[in-house]
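Listed below, chain by chain, are the residues.
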Amino acid sequence: MLSIYCPHCAEHRDEEEFHYKGQAHIARPSDPDKCSDEEWGNYMYFRANPRGIHHEVWVHALGCRKFFNVTRDTRSYQVFESYLIGTSPSITGEQGGQPS
Amino acid sequence: MTQLNRLSTGGRINRSKPLRFTWRGQVYSGYEGDTLASALLANGVDVVARSFKYSRPRGIIAAGAEEPNGIVQIGATEATQVPNVRATQQGLYEGLVAEPTSGWPSLEYDLMGAVGKVAGSAMPPGFYYKTFMFPESMWMTYEKFIRRAAGLGRSPIAPDPDRYEKTHQHCDVLVVGAGPAGLMAALAAARGGARVIIADEQEEMGGSLLASRELLDGGPATDWVASVLAELNEHPEVLLLPKSTVNGYHDHNFLTIHERCTDHLADRAPDTQPRQRLHRVRAEWVILATGAHERPLVYGNNDVPGCMTCSAVSSYVQRYGVVPGNRLVVSTSNDGGYQAALDWHDAGRRVVAVIDARRQVASTMADALKDRGITLIEGSAVLNVAGSTRVQSVEVARIDADAHQVIGPVQTLVCDTVATSGGWSPAVHLSCHTGSRPTWRSDIIGFVPGATHEQRLDAGALVGEFSTEGALNSGLAAARQALQALSMSVPEVVVPTLAPVEIMPALALFHVPHTLPTSRAPKQFVDYQNDVTAAGIELSCREGFESIEHVKRYTALGFGTDQGKLGNINGMAITARARGMSIPEVGTTVFRPNYTPVSFGAIVGRDCGPLFDPKRYTAMHEWHVSKGAAFEDVGQWKRPWYFPKAGETMAQAVNRECVATRTSVGILDASTLGKIDIQGPDAREFLGRVYTNAWAKLAPGRCRYGLMCGEDGMVFDDGVTSCLADQHFLMTTTTGGAAGVLEWLEFYHQTEWPELQVYMTSVTDHWATMTISGPNSRKLLGELTDADLSAEAFPFMSWQPMTVAGVPARVFRISFTGELSFEINVPANYGLHVWEALFERGAPYDLTPYGTETMHVLRAEKGFIIAGQDTDGSVHPHDLGMGWAVSNQKPFSFIGKRGMVRADCVRPDRKQWVGIKTRDPSVVLPEGAQGVFDPNAPIPMPMVGHITSSYWSANLNRSIAQGFVKGGHARMGETVYYPLADGSVVEAEICSPVFLDPEGERQHV
Amino acid sequence: MSDNPASSKEQYKAPITDWTGVADGVTGRSPLAHVGFDELAQMTPSDAPVQLREYALKGHLTLRCNPEDAAQTAAFEAVTGLALPTAPLSSVASSDTTVRWIAPDEWLISVPASALFSLQQRLQDALTGHCALVDVSSGLTVFELSGERAVDVLKKCVPVDLHQRHFPAGKVVSTGFAKASCTLRRLNDETFELVVRRSFADYIWLWLQDASLEYGLRVEN
Ligand SMILES: [Zn+2]
C-alpha cells in the first residue's frame, strides 16, 4: 500500500485515503466542438502507460477532497513527488522512463 | 503416557505446569512452554503425516516455520477448527486437540507397496504442469484426488467463535526477528530514542540464542536475552511482539504482522480477548534480521521419521529438554552440525558418529567433539537410510572432494536418528516481496537479499553473519545506520564479548551422491511437502525446463504453504548440476507474501457479521422498522422496499401502495438522494458546463431536471437542481451516485476550471427528505403549514421555504410519480418529527407509506428513467428520447456535447429507449429479456435490445415495460418478440415509454 | 471569472434560515437516539479504561473562503474572536466554539445549536467576496473518545499515526474510519473528538463499541 504525500494536508497518508484519477496533464481541449474525431479520441482514450516515470492525478478523497499530481515509477511504485494542479513536475522521464 | 524422550532437567519448559493434549484421539502430556512438536517428540510420536504424492510416513524435521511435515489440524470443537497449523509453531495448552491433516488412509500402515506406487505412477513429476494443460473436466477429476491426498486440512463449517483484531501501527524502526542481530538492533534503536517494533515468529524471543552453548559476557546466552528484553520492555516507545510473524512486506515499508495473541492459551480465546491480531505497520525503516534456515542434506530415504536438521535436534534438547531418539548419526558439511552431537551427548544419549564431508577438519567444535570421545568420520556422508516408520540404520561412505561421487565402501551404522546440515539458507523471503531479487554469495553458499528501493537494512544470518558475534555486530551496525538516517543520536552500545571460535569453511554439499544413478537410487527428497525428489528435478531438466522458475512449476518445488523454505536451494543446486551451470546461472528465486499461512479471521478482523460493511440509515429508519418495512440495499443505504400489511405478499403490498398514491396520497422517504450545496458567482456557469441542459435563465425559486453525461456523451446521473438564489443552488443526485458526482464536479472545478468561483458542499446527511405524492398531498401538507400551497402561489417545478409541523423546511414541488407532489426537506434531526406529524394528520387521506418498489413502478408508468437501471454507460440522452434535456445553444461546449456527435452516436439504428406493451396484458416480461424482430430466425438470433424496466401496473391493470430497441423511436406500433429461457416467446408492441398521463395533467394541478 | 459584486448578498445567496428555530415542544433527535446512551451510562463499568460519549445536536457550519484574502480572515476574526486556522490540520477553540481546518479553503465550525443562527448571520454579513456558509448541523454528530486505552481503540479504526509527536493536541485530520470516514481531533493526551456523518453514526458507534471490548468501555452522558 502506497504512502502518498498530500500537498494540501502537508503530510503522508495511506493510499486508502486517496483515489487515483488517471494520467496527469491531459488538458480538456479548449473547443471540443472543433476537434476532429481523431483529436477527440486521443483526448478521451489514449494514454502514455509508460514503464517508468508516470505523472498522475490523485484526489485526497477521505481527507481534504483536493486533487493534486504525483510522479511515480510504475516499475517500483516509488513515489518521487507530489505537486499542485497547474504546476510542473520537477522529475520527468528520460529514455526508458528513468528519473532524470 | 510417559514422556520417554523428556530429560529430567534442562530446557525452557515449566515442569511445574504439566499439560494434557490429544493427538489422534489419544491423550498425551507435555509442559507449559512446549510446542505441539516438542511435546509429540517427547512422547516418542514418530509419524505425524503421510506424504502428498507417495503417501510415505513423515516425522518432524525442523523446529520452526520451515517445518514441512508437521502440519496439523487443531481444534476441540467444529467451530474452533484450524487447518494448516505447523506443530512447531503451536504453543501447547491444556486440552489441545490435534489431528494429522494428511493421515490418508492411515499413518502407521505402510502403503509404499500399494497406494504409494499407484499414486506415484498416477502423479509423475510435472503433474501440475501437465494437468493445467488438460481440459477443464479432467482438472476437476484431478482436483478431488489432490484435495484428498494433499492433506492441507479442512475449514470449519461452524462460525468461528473467536475475535480477531486488526490494528494500524507506525514506527521509526521495525525489527523483524529477535535473534542476536534483531535484539541488538532493537536495543540500539531504542536507546537512540526511536519508536521501535520488534516482532518474532517464535513462542519466545531470542532466536538462535535460546539453544546456544556460547557464553555472552561470561554468562548463558539466555541471560543476555532476558536482560535485553527487560530493558526493551521498559522503553515506552518499544513494542515487543513475540508469537508474531511478519508475513508481508509491501510497498513503501508497509508490513503486515500476524500476532497469535491467545492461540497458546486454549482452544478458544478467553472472553473478550482476541485470538489473533493483524498489525498493519508503516515503518520509516525496516531492519530485517530474519535469520537463516538450516538446509538438510539430500540423501536416500531422507524422509523417514528420525531424519531431522541438526539445529532442530539442538533446539529440542536445549529449549524443550527433549531428545528425540536414542542413537544419533550426524552428517554435515559445516561446523554447525556439530552442536547437535554435543547436545545429544551431553543429554546422556549415544552419538554413534559425526560424519563430516570435509577432510582434515580443524575447528573449535571438532575439538569439543574429540574431548567427548565422539567418533568423527571425515570426507564422508550418509548416503541412505533404512527404515520405514523410523530410521533403523544409515549407509555411510567416502565421497570425493567435489561431493559428486561415492569413492569408498559403504558401511552401515545402526541408529534411530539422523541429523544433517548442509549449511544455512538466509531467510530472504520478506526482502523479495517488494520486487528485490536475492543475490548469490558463494562464500556463504547462499542467497542474500538484493538491493532495494525501500528504506530497508539487513542484519545477522540473513546477510551471512552466521556466528553469534557477527550477528550481534551487524545488528548494531544496522541500527546505527537507521538512527543516522532518522537524524537521531547514536547511543553507546557495547556488544557482549564471546569466547573466540575457530571456524572451518563449509563444503558446498547439497545432494549426496549415491552408488546408483539418481534416477535409480532410493528417493532423495528435496521438497518434503510437495514430494519433489532429486530424480524429479533431474527429469524436468531432461525434459527441457531450463529456468528454475520452470522447474518449480514442473515439479511443484516450493509450492503452496511451504514456499521452499527447506528445499529451494537444494533444488537449485541439483538443477544447476544437471545443466552444468553454477547456482547463480540457474537464476534466483523469489517469494511472495505470505511467508506463512495467515488465518482468514486475522485478515477479516472486525469487518464481518454486522460490521462487514457500513449500513447507512435515514432519520426515519426506526419508524420504517416499527411498521414492518422490508428493506432494500441501495449502495450502503437501507431503504424501505415496501411496507407489507399483515398477510400481504410483496406484489399485494406494492399494488396497494401504487393505487393509494395515485388515488389519495403516498409518502416516500427520499432522504438518501445525494444533495450538494453549490454557491458562488460562477455557480450558474458551472452548472451549464456539467449538465446537458441550460441553466442561465433558471430564476430563484425554480427547479429544473438535469442530465449529466461523461465526455463520451453517455448519461451517468440525473436529478433536480433548484435555484435558491441567483448564485446559490441545491443539486440532487441519485442515491448511488452522490459521492461520485461530487468528486466528478470537484475534478472539473479543481483541474479544468479553477478560475470559476464556486464552492460545493455535500448536504446529503443534513436533510431528511420526504415526498408526499398524490391528489390529496396538497390538503395533507396544508394541515401542517400556513403557507399558500395553491397552484398560483406555489407552481409546479418551484420551491418555497415554509414551516412544516413547526419545523423550518424547504418544500419542492417536483414529482417523480407524475402526481401532485411535495418534497419536504427538513434538517434530519427533525425528520422523524415531521414524518410522524404527517401521519398524525394523514389518516383521513389514508396516507400510505411506500418504498422503492412502488417508486419504481410509479415512475415507470410515467416513463421516467432511473439512471443506472435504464442506462448502462452506453446510452446518450437522444437514445433515451430525452433530447429535450440537451441544449446545443449554450456557448460553452458542455461535458458530453462533443461525445454525442461522434458518428457512432448519430447512427439511426442505435438502440433507443421505448415503451414495450405485451400483447397479452397479464404477462410481465423479465428485466434483461432480449428482443428480436423475427422469432423464427435461426439461432443465434439477431438481438435488437433488452428490457430495462418491467412491472405490473395496478393503476393501469396491465403490465408495462421499457427497454431498448434498435431504431425504436421510428418503430412505434411495430412488433418485437422476446424469446424467454423457458422456450416461450412473448409478443409485444413498441410504444411510447409514457404509459400514464402523457400530457402531465396530474402533476400540474 | 465573474465580476458580480457581492455587496447585495441577499440577491445572490439564499436567505439564512434559523433551522433550529422550531416550534415549542419540537425536539431534535440525534442519529443515535435509539442507542440510549443515558441508560448505557448507568450500566457500563465505572472503571473502564475507554470512555465514550456523544455530543449530539450541536450547531455545525461549513465555511468556504480564501485564506489569502485578508479581508475575509479579518472579518472571521472580528466575528468569532478566533483567528482562522489556516495552517493545514490545525484547529482553534474557545469555550463554546471550535474551528477545524478541513481543506485549504474549508473549515468546520461547531457551536451550541442555539448560537448557530446568529453566528451564520454575522459571518454572512461580515464576509465579503466569494465565500460560502452551509449549515450542516443535522448531517453530523460528535463522539468523544477518551481514556488510557483510547489510542489503542482508535488504532483499530483510523490509519493515521496517533503518536503525540505526530498528532499533538489540537491537530485535526479527516481520514478513513474503518469503511466510513471521520474528522478526528485530539483534545488532549487521552481524549479525541470524532465528527462523523449522520448516516454512518450507527456503524461507527457499533465499531467503537466492539473495538473497545478487549479493554472495557464506559459510556458517559
Ligand atoms: Zn489532503
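Residues numbered from 1 in each chain as written. Chains lettered and ligands numbered in written order. Predicted model: local features only at pLDDT ≥ 70, side-chain atom pairs only at ≥ 80, totals over all residues. Heavy atoms only, no water.

Caption draft 1: Layout of the overall build of chain B. Helices and strands together make up the secondary structure of chain B, namely 24 helices and 49 strands. The principal-axis extent of the C-alpha atoms belonging to chain B is close to 115 × 70 × 55 Å. Here chain B holds 1005 residues, and the buried ones make up 63% of them. Partitioning the intrachain contacts of chain B with sequence separation of at least 6 by distance along the chain shows that 67% fall at a separation of at least 24. Put simply, chain B shows about 35900 Å² of open surface, and 53% of that area lies on carbon and sulfur atoms. Side-chain charges in chain B split into 88 positive and 107 negative, and the spacing between the mean points of these groups amounts to 4 Å. (Helix = DSSP H or I, 4+ residues; strand = E, 2+ residues; numbered from the N terminus. Buried < 20%, exposed > 50% of the residue type's maximum accessible area, 1.4 Å probe, protein only. Contact = heavy atoms within 4.5 Å. Areas by Shrake-Rupley, 256 points an atom, 1.4 Å probe, with all protein chains shown as cover. Lys, Arg positive; Asp, Glu negative; His and termini not counted. Charge placed at Lys NZ, Arg CZ, Asp CG, Glu CD.)

Caption draft 2: Quick peek at helix α19 (residues 683-690) of chain B. Within α19(B), seven of the eight residues are buried, which leaves the element mostly enclosed by the surrounding structure. Among the residues making up α19(B), those that are buried are B:A683, B:R684, B:F686, B:L687, B:G688, B:R689 and B:V690.

Caption draft 3: View of the coordination of the zinc ion. All names here are of chain A. Every protein donor of the zinc ion is listed here as C6 (SG), C9 (SG), H60 (ND1) and C64 (SG), and their distances to the metal cover 2.0 to 2.4 Å. Geometry at the zinc ion is tetrahedral, judged from the four donor atoms that bind it and their angles of 105 to 117 degrees at the metal. If you list the donors of the zinc ion from N- to C-terminus, the spacing comes out as C-x2-C-x50-H-x3-C. One end of the pair, C6, is in strand β1 (residues 3-6); the other, H60, is in the loop between β4 (53-59) and β5 (67-73), with 54 residues separating them in the sequence. As far as burial versus exposure is concerned, C6 and H60 are alike and both buried. (Donors = N, O, S within 2.8 Å, 3.2 Å for Na, K, Ca; no water. Tetrahedral: all angles 85-135°; square planar, octahedral: opposite > 155°, others 65-115°.)

Caption draft 4: Just the interface of chain C and chain A, in detail. Every contact between the two is made by 17 residues of chain C and, on the other side, 13 residues of chain A. Approximately 1100 Å² of surface area, both sides summed, lies buried where chain C meets chain A, with 50% of it carried by carbon and sulfur atoms. Inspection of the chain C/chain A interface yields three salt bridges. Across the pair A:E11 and C:K171 runs a salt bridge, and its minimum N-O distance is 2.7 Å. Scanning the region where chain C abuts chain A turns up six residue pairs in polar contact (both at pLDDT 80 or more). Broken down by element, the residue count for the side of chain C that touches chain A peaks at four residues, all from strand β8 (residues 172-177) of chain C. (Buried area = accessible area lost by both parts, 1.4 Å probe. Salt bridge = Lys/Arg side-chain N within 4 Å of Asp/Glu carboxyl O. Polar contact = N/O pair within 3.5 Å; in protein donor to acceptor, adjacent residues only side chain to side chain.)

Caption draft 5: Geometry of the packing of helix α5 (residues 180-191) of chain B against helix α6 (residues 221-234) of chain B. Residue and element names in this part refer to chain B. With their axes 10 Å apart at the nearest point, α5 and α6 run at an angle of 35 degrees to one another. The crossing of α5 and α6 is left-handed. Here α5 contributes P180, L183, M184, A186, L187, A190 and R191 to the contact with α6, which in turn contributes W224, V225, V228, L229, E231 and L232. Its residues assigned to classes, the contact of α5 with α6 shows 11 nonpolar, no polar and two charged. (Axes fitted to C-alpha atoms, helices over the stretch in contact; angles between N-to-C directions. Left-handed = near helix turned anticlockwise from the far one by under 90°. Nonpolar A, V, L, I, M, F, W, Y, C, P; charged D, E, K, R; others polar.)

Caption draft 6: Geometry of the interface of chain C and chain B. The interface of chain C with chain B comprises 60 residues on the first partner and 65 residues on the second. Carbon and sulfur atoms supply 53% of the area that chain C and chain B bury against each other, a total of about 5500 Å² over both sides. For the interface between chain C and chain B, the tally reads eight salt bridges. The closest approach of N and O atoms between B:R163 and C:D210, which form a salt bridge, is 3.2 Å. Listing elements by their share of the side of chain C that touches chain B, those giving two or more residues are α1 (9-12), β2 (59-64), β6 (132-135) and α6 (201-212) of chain C. Among the elements that line the side of chain C that touches chain B, the one with the most residues is α6(C), at six residues. The residue inventory of the side of chain C that touches chain B, partitioned by class, reads 26 nonpolar, 18 polar and 16 charged.

Caption draft 7: Region of interest: helix α14 (residues 568-579) of chain B. All names here are of chain B. Between the first and last C-alpha of α14 there are 16 Å, a value that for 12 residues agrees with the 16 Å anticipated at 1.5 Å per step. Taken across its 12 residues, α14 has nine buried, putting it largely inside the fold. In the stretch just after α14, G580 is the one whose phi turns positive, near 65 degrees. (Expected span 1.5 Å × (residues − 1).)

Caption draft 8: Spotlight on the pairing of strand β48 (residues 975-979) of chain B. Residue and element names in this part refer to chain B. Judged from the five bridges that link them, β48 and strand β49 (residues 985-991) form a sheet pairing that is antiparallel. Note that in β49 the partner of Y977 across the bridge is E987. Connecting β48 to the antiparallel partner β49 that follows it, the hairpin turn spans five residues, and G983 within it adopts a positive phi of roughly 95 degrees. (Pairing = 2+ DSSP bridges.)

Caption draft 9: Layout of the pairing of strand β9 (residues 196-199) of chain B. Residue and element names in this part refer to chain B. Residues V196 and I198 of β9 are buried on one face, and the alternating residues I197 and A199, pointing to the opposite face, are buried as well. Bridge count for strand β8 (residues 163-176) against β9 is four bridges, and the pairing is parallel. Counterpart to L174 in the pairing with β9 is I197. Bridge count between β9 and strand β12 (residues 238-241): four bridges; the pairing is parallel. From the neighbouring strand, I197 faces β12, where its bridge partner is L239.

Caption draft 10: Just the side chain of B:N253, in detail. Residue and element names in this part refer to chain B. Along the chain, N253 turns up in the loop between β13 (244-250) and β14 (254-260). For N253, the side chain forms a polar contact with the side chain of Y249, separated by 2.6 Å. With residues near it in sequence (within four places) discarded, N253 still touches V281, R282, A283, E284, W285, V286, E454 and Q455.

Caption draft 11: Structural context of the sheet that holds strand β18 (residues 327-332) of chain B. All names here are of chain B. With parallel pairing, five strands are arranged side by side in an open sheet as β17-β24-β18-β19-β20. A single partner strand is all that each edge strand has here, and the edge strands are β17 (307-309) and β20 (376-378). With strand direction ignored, the average angle separating the axes of adjacent strands in the sheet is 20 degrees. By the bridge criterion, three bridges tie β17 to strand β24 (residues 417-421) in an arrangement that is parallel. Its bridge partner lying in β24, T309 is registered against T420.

Caption draft 12: Structural detail: the domain arrangement of chain C. Residues and elements named next belong to chain C. On domain assignment, one finds that chain C holds domain 1 (11-57 + 140-220) and domain 2 (59-137). A C-alpha centroid distance of 21 Å is found between domain 1 and domain 2. With 19 residues of domain 1 at the contact, the number on the domain 2 side is 21 residues. Interface area, domain 1 with domain 2, both sides summed: about 1600 Å², of which 58% is carbon and sulfur. Of all residues in domain 1, the largest losses of buried area upon contact with domain 2 belong to I16, L140 and V172, amounting jointly to 36% of the total for that side. (Domains from an automatic or database assignment.)

Caption draft 13: Local environment of the side chain of B:T672. All names here are of chain B. On the secondary structure map, T672 appears in the loop between β33 (666-669) and β34 (674-679). You can call T672 buried: its relative accessible area is 1%. In this structure the side chain of T672 is engaged in a polar contact, spanning 3.3 Å, whose partner is the side chain of R639. Those residues in contact with T672 that lie beyond four places of it in its chain are T618, W637, R639, T735 and T764.

Caption draft 14: Fine view of unusual backbone geometry. All names here are of chain B. For the peptide bond that leads from P593 to N594, omega is 0 degrees, which places it in the cis range. Here N594 shows up in the loop between α15 (583-586) and α16 (600-604). Cis geometry is adopted by the peptide bond preceding P940, which originates at I939 and carries an omega value of 0 degrees. Even without glycine at this site, I445 takes up a positive phi of about 50 degrees. Inspection of the secondary structure assignment puts I445 in the loop between β26 (439-441) and β27 (446-448). Note on I445: relative accessible area 10%, which makes it buried. If you check the backbone angles, A556 has positive phi at about 75 degrees while not being a glycine. Tracing the backbone shows A556 in the loop between α13 (548-555) and α14.

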